[in-house]
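Architecture at a glance
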Amino acid sequence: MGNKTLGLDQILRLTQAELKEALVRALEERGYTPIARKGYLYAPGTLPVLLVAHLDTVHPEPVRDICRSGDGTILMSPQGIGGDDRAGVYMALRILEQACCHVLFCEDEEAGGQGAQKFAASGLTPEVNYIVEMDRRGHNDAVFYGCDNREFVDFITEFGFQEAYGSFSDISVIAPHLGIAAVNISAGYYNEHRPHEHINLAHVEHNITRILEMVLTPAEQFEYVERDVYGFGAFDSQIRLWDHFPGVDSTQDRGKLLMPLPETAYVEVNGRRVENGLAHFMDKEGVVYDYLEEPDVAVRANYTKAYEEDGTLLKFSKSAAMRIRVVSLEEAMARLV
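Each value, and the rule that gives it
- Residues numbered from 1 in each chain as written.
- Predicted model: local features only at pLDDT ≥ 70, side-chain atom pairs only at ≥ 80, totals over all residues.
- Heavy atoms only, no water.
- Axes fitted to C-alpha atoms, helices over the stretch in contact; angles between N-to-C directions.
- Helix = DSSP H or I, 4+ residues; strand = E, 2+ residues; numbered from the N terminus.
- Parallel < 35°, antiparallel > 145°, perpendicular 65-115°, else oblique.
- Left-handed = near helix turned anticlockwise from the far one by under 90°.
- Contact = heavy atoms within 4.5 Å.
- Salt bridge = Lys/Arg side-chain N within 4 Å of Asp/Glu carboxyl O.
- Buried < 20%, exposed > 50% of the residue type's maximum accessible area, 1.4 Å probe, protein only.
- Phe/Tyr/Trp six-rings, centres within 6.5 Å; stacked < 30°, edge-to-face > 60°.
- Lys NZ or Arg CZ within 6 Å of the ring centre and 35° of its normal.
- Pairing = 2+ DSSP bridges.

1. Side note on the packing of helix H3 (residues 83–96) against helix H7 (residues 201–215)
It is at 10 Å that the axes of H3 and H7 come closest, and there the two elements cross at 45 degrees. Relative to H7, the element H3 is oriented oblique. The way H3 lies across H7 gives a crossing that is right-handed. Contacts between H3 and H7 involve Tyr90, Met91, Arg94 and Ile95 from the former and Val204, Glu205, Asn207, Ile208, Ile211, Leu212 and Val215 from the latter.

Written out as structure tokens, the structure is:
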């Protein structure tokens, strides 16, 4: 379909501005009438579901080199592959091949959801039953953020996804603005925001199939039901309740007790030894954290374990530990902007 076949490789290689222009052309060739404004690209559809993905990545330069595993299912790049969220952009286009959903591509999500905020201020109000964003690590997560519509959770999990928790994405802005329930679905990328980020194409394809089945299933409109912030289940393990009450001078907010990894130790991500240039810490449960020097915070490093030089699991030492503020990855990136 000409430019409609905007492939994943091309999506990965383009700058944010170039990708936005390419998507305008691709949507027009599909019969859409896209609305391209500063911060976002929106196109109304006929199916009452809004698909969302963001155009930016955290990596400072565009992808030049794409490396593939022997079976072709794993993609990486020395420049950072940018699966967060170029995999979500690709998934949205693939779904639109068979389902004429509304679609919204936001700019600068990694800088605090700036594009989503511009969309919310635009006056555009799509008439949809629910919102699906594809911007989550892994292959099976469904994250609802501040939305607590349990009927909607049940609907989404009927398609095999498992409820998980997170801190922020574009739908954190869009869903309460529209008053429509929203979910963030795994987009098949892993180790996001790191040079060794990778995309698992098998997981991408599987979730395209599942989301397509979902959006083609008749459903009523699901309203946005605000989650009770006092419920600890609303947040992931990196977010503390007192962070959500500005002005509270809590003596508890002294940071988490973390042990710096000794120079002889090393870390493995998904069983593979890596060096990402960051300092690492570990808590008493063995959870590893990346340390960001400039904002002086630690971020949980998913799928990561720390080992002694001899290959045995590193043990926590309270005497060597110190208190470090732990934040979500989104908050850490916002502090770096």
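2. What to know about the pattern of salt bridges
Side chains that differ in sign of charge can pair as their charged atoms come close. Evaluation of the coordinates by the stated rule reveals ten salt bridges. The residue Asp141 makes a salt bridge to Arg136 at a minimum N-O spacing of 3.0 Å. Judged by its relative accessible area of 11%, Arg136 is buried. Because the salt bridges share partners, they merge into one network encompassing Asp148, Arg150 and Glu163.

3. Here's the deal with the packing of aromatic side chains
Scanning all chains against the criterion turns up twelve aromatic pairs. Both rings, one in Tyr42 and one in Phe119, keep their centres 5.8 Å apart while their planes meet at 50 degrees; by these two values the pair is tilted. With Tyr42 in strand E2 (residues 40–43) and Phe119 in helix H4 (residues 114–120), this residue pair connects regions lying 77 residues apart in the sequence. When sorted by exposure, Tyr42 lands in the same class as Phe119, which is buried. Between Phe155 and Phe222, the ring centres sit 5.4 Å apart and the planes meet at 35 degrees, which makes this aromatic pair tilted. Within this pair, whereas Phe155 is found in helix H5 (residues 150–157), its partner Phe222 is found in the loop between H7 and strand E12 (256–260), the two being separated by 67 residues in sequence. The buried category is assigned to Phe222, whose relative accessible area is 10%. Through pairs of rings, three or more aromatic residues link up here, namely Tyr130, Phe144, Phe152, Phe155, Phe159 and Phe222. The ring of Phe161 has Arg210 sitting right over it, with the charged end atom 3.9 Å from the ring centre. Of note, Arg273 hangs over the ring of Tyr266, and the distance from its end group to the ring centre comes to 3.9 Å.

4. Concerning the sheet that holds strand E16 (residues 288–292)
As a general point, the strands of a sheet are linked pairwise by backbone hydrogen bonds and lie either parallel or antiparallel. With antiparallel pairing, the five strands of this open sheet are ordered in space as E17-E16-E15-E12-E19. What marks the edges here is a single partner per strand, and that holds for strand E17 (297–300) and strand E19 (322–324). The mean inter-strand angle of the sheet, taken between neighbouring strand axes irrespective of direction, is 50 degrees. When E16 meets E17, the two strands line up antiparallel, connected through four bridges. Its bridge partner lying in E17, Asp290 is registered against Val299.

5. Re helix H6 (residues 171–178)
Every buried residue belonging to H6 is among Ile171, Val173, Ile174, Ala175 and Leu178, and all of these are buried. Here the buried face of H6 lies against strand E3 (47–54), strand E6 (101–106), H4, strand E7 (130–137), strand E8 (141–143) and strand E10 (182–190). Positive phi appears at Gly179, one or two residues downstream of H6, with a value of about 75 degrees.

6. Re the environment of Lys315
Along the chain, Lys315 falls in the loop between strand E18 (304–307) and E19. Residue classification places Lys315 among the exposed positions, given a relative accessible area of 69%. Counting along the chain gives 32 residues from Lys315 to Asp283, while the straight-line C-alpha distance between them is 9.4 Å. Leave out the neighbours within four places in its chain, and Lys315 touches Met259, Met282 and Glu308.

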